[in-house]
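Chain by chain, the residues run as shown.
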Amino acid sequence: MGMWFDEKHADGTHLRLRVRSVLFQEKTEFQDLAIIETEDFGRALVLDGVLQTTERDEMFYHEMLAHVPLCAHPRPRRVLVVGGGDGGLVREVLRHPTVEAVTMVEIDRGVVEACRRYLPGLSGKLDDPRVEVVFADGVQYVRDCQQVYDVILVDSTDPGGPSLGLFTPDFYGDCHRILADDGFLACQTEEPFFRAEAMRGAYRAVGSVFPVTRLYVSMVPVYSVWYWTFTVGSKGGLDPAEVRSKVPAGTVYYCPDVHRSAFVLPPFIRDRL
Ligand code: AG3
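Residues numbered from 1 in each chain as written. Predicted model: local features only at pLDDT ≥ 70, side-chain atom pairs only at ≥ 80, totals over all residues. Heavy atoms only, no water.

Here's the deal with the overall build of the protein chain
No. 1: In terms of regular secondary structure, the protein chain is built from 10 helices and 12 strands.
No. 2: At 17 Å, the protein chain has a C-alpha radius of gyration in line with the 19 Å of a compact globule built from 273 residues.
No. 3: When its C-alpha atoms are laid out on the principal axes, the protein chain stretches across 55 × 45 × 35 Å.
No. 4: Counting every position in the protein chain, which comprises 273 residues, the buried fraction comes to 55%.
No. 5: Partitioning the intrachain contacts of the protein chain with sequence separation of at least 6 by distance along the chain shows that 66% fall at a separation of at least 24.
No. 6: Carbon and sulfur atoms make up 50% of the accessible area of the protein chain, which amounts to about 11,500 Å² in all.
No. 7: Looking at the protein chain, you have 29 positive and 39 negative side-chain charges, and the mean spots of the two groups are 4 Å apart. (Helix = DSSP H or I, 4+ residues; strand = E, 2+ residues; numbered from the N terminus. Rg over C-alpha atoms; globule rule 2.2 N^0.38 Å. Buried < 20%, exposed > 50% of the residue type's maximum accessible area, 1.4 Å probe, protein only. Contact = heavy atoms within 4.5 Å. Areas by Shrake-Rupley, 256 points an atom, 1.4 Å probe, with all protein chains shown as cover. Lys, Arg positive; Asp, Glu negative; His and termini not counted. Charge placed at Lys NZ, Arg CZ, Asp CG, Glu CD.)

Given below as structure tokens:
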């Protein structure tokens, strides 16, 4: 009974969340967007029918995508976020006192506008003076970019549609070019059970460009109920599993032990790389 959000993970496996109400719905220039109020996970952003983030568990994803590369870096100052229009990742990046400037390049202005209105807990820090929001295609931005960054974070949707170009060796090559010598690139790289091919494709593409490439995991209940993966490339060869800079206070998932243990992979995941 009632209204349910339903996302197919495999032919015989769907995720279902009870929906209290649909707060906003729009066809943006790039995708179908909805903000829904769920029974158990608070408000959620849905793009083209795929759950992107919920108020209840977004930290498990955003903290791990931000703090692993940022804490592995000895002194991160300039950060580029590609995608991530909800603002949750930028909020985490700003917890690092050494960070002086964050550029967020989001292709879809509609995502930022909707999240500013309905998900202030995520988007609230987009007005911070250290943040510049650019509405552009991340692939093109990085291709034409003449700046240098210490850390690049890619917070994309699943590979497909507007995000397809963000999973290619060409894109990772351009990221490599605009990173400082000791810089890190970190990307969301899907889950290892139903989407092993997407995970492996992204991991190998990063590995074709960076001398050191490692996969690490987090748990994000609404994505897959268990592991979600990230891939980090290290331009200078520094091991991303090591914590080198100050750990931000107030995190709910990230801590130095979780940082190091996130790189310990069960054999079945390693075998799928
Ligand atoms: N980034 C996309 C995560 C992919 C979710 N995939 C899925 N549910 N099938 C999330 C954006 C959060 N800032």
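Having seen it, we continue.
Some details on unusual backbone geometry
No. 1: Its identity is not glycine, yet Asp-48 carries a phi of approximately 50°, on the positive side.
No. 2: By the secondary structure assignment, Asp-48 is in the loop between strand S4 (43-47) and strand S5 (50-54).
No. 3: Overall, Asp-48 belongs to the partly exposed group, its relative accessible area being 45%.
No. 4: Of note in this structure, Glu-190 is not a glycine but carries a positive phi near 70°.
No. 5: With respect to the helices and strands, the residue Glu-190 is situated in the loop between strand S10 (179-188) and helix H7 (196-207).
No. 6: Judged by relative accessible area, which is 0%, Glu-190 ranks as buried.

Let's talk about the site of the ligand
No. 1: Taken together, the neighbourhood of the ligand is formed by 13 residues, with His-62, Asp-86, Asp-155, Ser-156 and Asp-158 sitting nearest.
No. 2: A distance of 2.7 Å is found between a nitrogen atom of the ligand and a side-chain nitrogen or oxygen belonging to His-62.
No. 3: Isolated, the ligand exposes 400 Å² of accessible area, and the fraction of that covered by the protein chains is 98%.
No. 4: Structurally, the ligand is housed in the largest cavity.
No. 5: For the shell around the ligand, the element with the most residues is S5, which contributes three residues.
No. 6: For the shell around the ligand, the class distribution of residues is five nonpolar, three polar and five charged.
No. 7: Summarising the domain contributions, the shell around the ligand has at least three residues from each of domain 1 (3-54) and domain 2 (58-272). (Near = heavy atom within 4 Å. Polar contact = N/O pair within 3.5 Å; in protein donor to acceptor, adjacent residues only side chain to side chain. 1 Å grid on protein atoms, 1.4 Å probe; cavity = no way out; pocket = protein on both sides within 12 Å on 5 of 7 lines; lining within 4 Å. Sits in = over half its atoms within 2 Å of the grid points. Nonpolar A, V, L, I, M, F, W, Y, C, P; charged D, E, K, R; others polar. Domains from an automatic or database assignment.)

Section: the sheet that holds S5
No. 1: One open sheet holds the five strands; their spatial order is S1-S2-S3-S4-S5, and the pairing between them is antiparallel. Taken across any chain shown, the strands that pair with only one partner, and hence form the sheet edges, are strand S1 (3-10) and S5. Across the sheet, the mean angle from the axis of one strand to that of its neighbour is 45°, orientation sign disregarded.
No. 2: Note: strand S3 (residues 32-38) against S4, five bridges, orientation antiparallel. Counterpart to Ala-34 in the pairing with S4 is Val-46. (Pairing = 2+ DSSP bridges. Axes fitted to C-alpha atoms, helices over the stretch in contact; angles between N-to-C directions.)

Don't take any of this as a statement about function, it's just geometry.
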